[in-house]
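Listed here are the chains, written in short residue letters.
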Amino acid sequence: MKEKYLQKLLTQKNNPLWEKIENKDNINIIIWDNNFSELFSDDYTTEFRLNSLNINSFNHELCHVYINQVFGGIFPTLKLRMPYELNNYITRNCLQHISNCIEHKLFFDLYLEIGGESEQFVSDFYLRKGNNFHLFHRSVSPNNIDGYLGNLFSILGDCNTNMDYSKEINGFRKLSPSIFEASKTLLCEIIDIGICDQLEDFGVNEEGVFINKTQSNSCEDFWNVVFDEMNL
Ligand SMILES: [Zn+2]
């Protein structure tokens with residue numbers, strides 16, 4: 001099935017990137033009933049879960065795979081550097097979402113380069129992000145930090161440049177100037193590192209998780225600010 005799907009999904013533009021992916025034998029492609037696509041991976045396999053044989057969805061997930069390969073992904077380092085005291089307040093889902101948003105900003109240009117269409121980048125491309133969190137809260141506390149970060153990164157990571165988020169940005173900044181700035185800095189610093197082969201900067205921790213040493217300082221600085229603001 002995989003080879004059959006690939007025949008339809010690979011194009012002249014995205015094939016060079018596909019060729020750069022290592023261990024292609026461990027990659028599987030399935031078409032599922034959900035209305036969104038995602039990338040699933042564990043220690044052994046990587047699975048493209050596509051909602052249709054859509055080249056844009058494939059290209060999007062291909063970029064995630066590529067970033068994971070050359071960059072170690074954002075999630076492992078972000079999770080590893082989070083102070084354990086925040087475990088009760090910031091969910092794994094939220095960390096995955098933040099990582100996702102940062103990765104999207106990182107590879108949007110690459111996605112376009114391999115033939116992806118901007119309006120097909122994500123299924124909610126035209127949806128306004130942030131859920132108006134800033135209108136419903138007066139301050140940021142351990143009880144709502146998960147929502148604050150999740151919604152803020154949705155805005156910071158939105159690749160639709162036609163969206164004007166100035167009102168939301170002001171609202172989020174007012175709620176917590178320091179966490180707002182730390183979030184922006186984290187995003188900018190990782191984007192500045194860019195996508196390049198940095199294998200010498202990789203480390204493996206006791207759990208066998210790949211961490212990106214270049215990212216580590218940025219993640220640590222970010223968490224220090226969040227932790228200080230929480231007064232735990
Ligand atoms: Zn994605």
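Computed from a predicted structure; not experimentally measured.

What counts and how
- Each chain carries its own residue numbering, running from 1 in the direction its sequence is written.
- Per-residue local features are limited, in this predicted model, to residues with pLDDT of at least 70; the limit for side-chain atom pairs, both in listing and counting, is 80 or more; totals at the level of whole chains, interfaces and linings are taken over all residues.
- Numbering goes from the N terminus for both helices and strands, where a helix is a DSSP run of H or I of at least four residues and a strand is a run of E of at least two.
- In this treatment the radius of gyration is a C-alpha quantity, and the globule benchmark scales as 2.2 Å times the residue count to the 0.38 power.
- Residues are called buried when their C-beta atom has 20 or more other C-beta atoms within 10 Å, exposed when it has 12 or fewer, and partly exposed otherwise; all C-beta atoms are positioned from the backbone.
- Contact between residues is assigned whenever the C-beta positions, reconstructed from backbone atoms, fall within 7 Å.
- In this entry, domain limits derive from an automatic or database-based domain assignment.
- Amino acid classes used here: Ala, Val, Leu, Ile, Met, Phe, Trp, Tyr, Cys and Pro are nonpolar; Asp, Glu, Lys and Arg are charged; the rest, including Gly, are polar.
- Residues enter a nonpolar core if they are buried, belong to Ala, Val, Leu, Ile, Met, Phe, Trp, Tyr or Cys, and are joined to the set through C-beta atoms within 7 Å.
- Comment: axis = line fitted to C-alpha atoms, over the contacting stretch for helices; angle = value between 0 and 180 degrees taken between N-to-C directions.
- For classification purposes, an angle smaller than 35 degrees is called roughly parallel, one larger than 145 roughly antiparallel, one from 65 to 115 roughly perpendicular, and anything else oblique.
- In this scheme, a crossing is called left-handed if the near helix is turned counterclockwise away from the far one by less than a right angle; it is called right-handed if the turn is clockwise.
- Take the number of residues in a helix, subtract one, and multiply by 1.5 Å to get its expected span.
- This arc is taken over the directions from the axis of the helix to the C-beta atoms.

1. Describing the overall build of the protein chain
Here is step 1: Tallying secondary structure elements over the protein chain gives 10 helices and five strands in all.
Here is step 2: Over its C-alpha trace the protein chain gives a radius of gyration of 18 Å, about what one expects of a compact globule, namely 17 Å for 232 residues.
Here is step 3: Once the C-alpha set of the protein chain is aligned to its principal axes, its extents read approximately 55 × 40 × 30 Å.
Here is step 4: The buried share of the protein chain, taken over its 232 residues, is 31%.
Here is step 5: Within the protein chain, contacts between residues at least 6 apart in sequence are counted, and of these 70% link residues at least 24 apart.

2. Describing the domain arrangement of the protein chain
Here is step 1: Per the domain assignment, the segments making up the protein chain are domain 1 (2-71) and domain 2 (75-230).
Here is step 2: Inter-centroid distance (C-alpha atoms) of domain 1 to domain 2 is 23 Å.
Here is step 3: Domain 1 puts 14 residues into the contact, and the matching count from domain 2 is 17 residues.
Here is step 4: Top element by residues in the side of domain 1 that touches domain 2 is helix H3 (residues 55-71). It accounts for eight residues.
Here is step 5: Classifying every residue of the side of domain 1 that touches domain 2 gives six nonpolar, seven polar and one charged.

3. Focus: the nonpolar core
Side chains that are nonpolar tend, in soluble globular proteins, to be buried together.
Here is step 1: In terms of nonpolar packing, the biggest core is built from 40 residues, with Ile 98, Ile 102 and Leu 152 touching the most fellow members.
Here is step 2: If you list the elements that add at least two residues to this core, you get strand S3 (46-50), H3, helix H5 (92-113), helix H7 (145-156), helix H9 (177-193) and helix H10 (213-230).
Here is step 3: Each of domain 1 (2-71) and domain 2 (75-230) accounts for three or more of the residues forming this core.
Here is step 4: In this structure, Ile 98 is in contact with Leu 78, Leu 149 and Phe 153, ignoring residues within four places of it in sequence.

4. Considerations on unusual backbone geometry
Here is step 1: At Asn 23, a residue that is not glycine, the phi angle is positive and equals roughly 50 degrees.
Here is step 2: Considering the arrangement of structural elements, one finds Asn 23 in the loop between helix H2 (15-20) and strand S1 (27-31).
Here is step 3: The backbone phi angle of Asn 231 is positive, close to 50 degrees, even though this residue is not glycine.
Here is step 4: Tracing the backbone through its elements, the reader meets Asn 231 in the segment after H10.
Here is step 5: Owing to 7 C-beta atoms within 10 Å, Asn 231 belongs among the exposed residues under this scheme.

5. Considering the packing of H7 against H9
In a packed pair of helices, the relevant descriptors are the angle between the two axes and the axis-to-axis distance.
Here is step 1: Interaxial distance between H7 and H9 falls to 11 Å at its minimum, and their mutual angle equals 45 degrees. The angle between the axes of H7 and H9 places the two elements in the oblique class. The two elements H7 and H9 cross, and the hand of that crossing is right-handed. Two secondary-structure elements touch here, H7 through Leu 149, Leu 152, Phe 153 and Leu 156 and H9 through Phe 180, Ser 183, Lys 184 and Leu 187.

6. A word on H9
Here is step 1: Here H9 contains 17 residues, and its C-alpha end-to-end distance of 24 Å stays within 8% of the 24 Å for a straight helix at 1.5 Å per residue.
Here is step 2: Among all positions of H9, only Ile 179, Phe 180, Ala 182, Ser 183, Leu 186, Leu 187 and Ile 190 are buried.
Here is step 3: Next to the buried residues of H9 lie H5, H7, helix H8 (166-175) and H10.

7. Brief notes about H10
Here is step 1: Its 18 residues place the ends of H10 26 Å apart at the C-alpha level, agreeing with the 26 Å of an ideal helix rising 1.5 Å per residue.
Here is step 2: All buried positions along H10 are accounted for by Gln 215, Ser 218, Cys 219, Phe 222 and Val 226. Down the axis of H10, the buried set is contained in an arc of 100 degrees. They therefore lie on one face. Summarising the geometry of H10, the exposed residues directed more than 90 degrees from the buried face are Asn 217 and Asp 228.
Here is step 3: A positive phi of about 50 degrees marks Asn 231, the residue just after H10.

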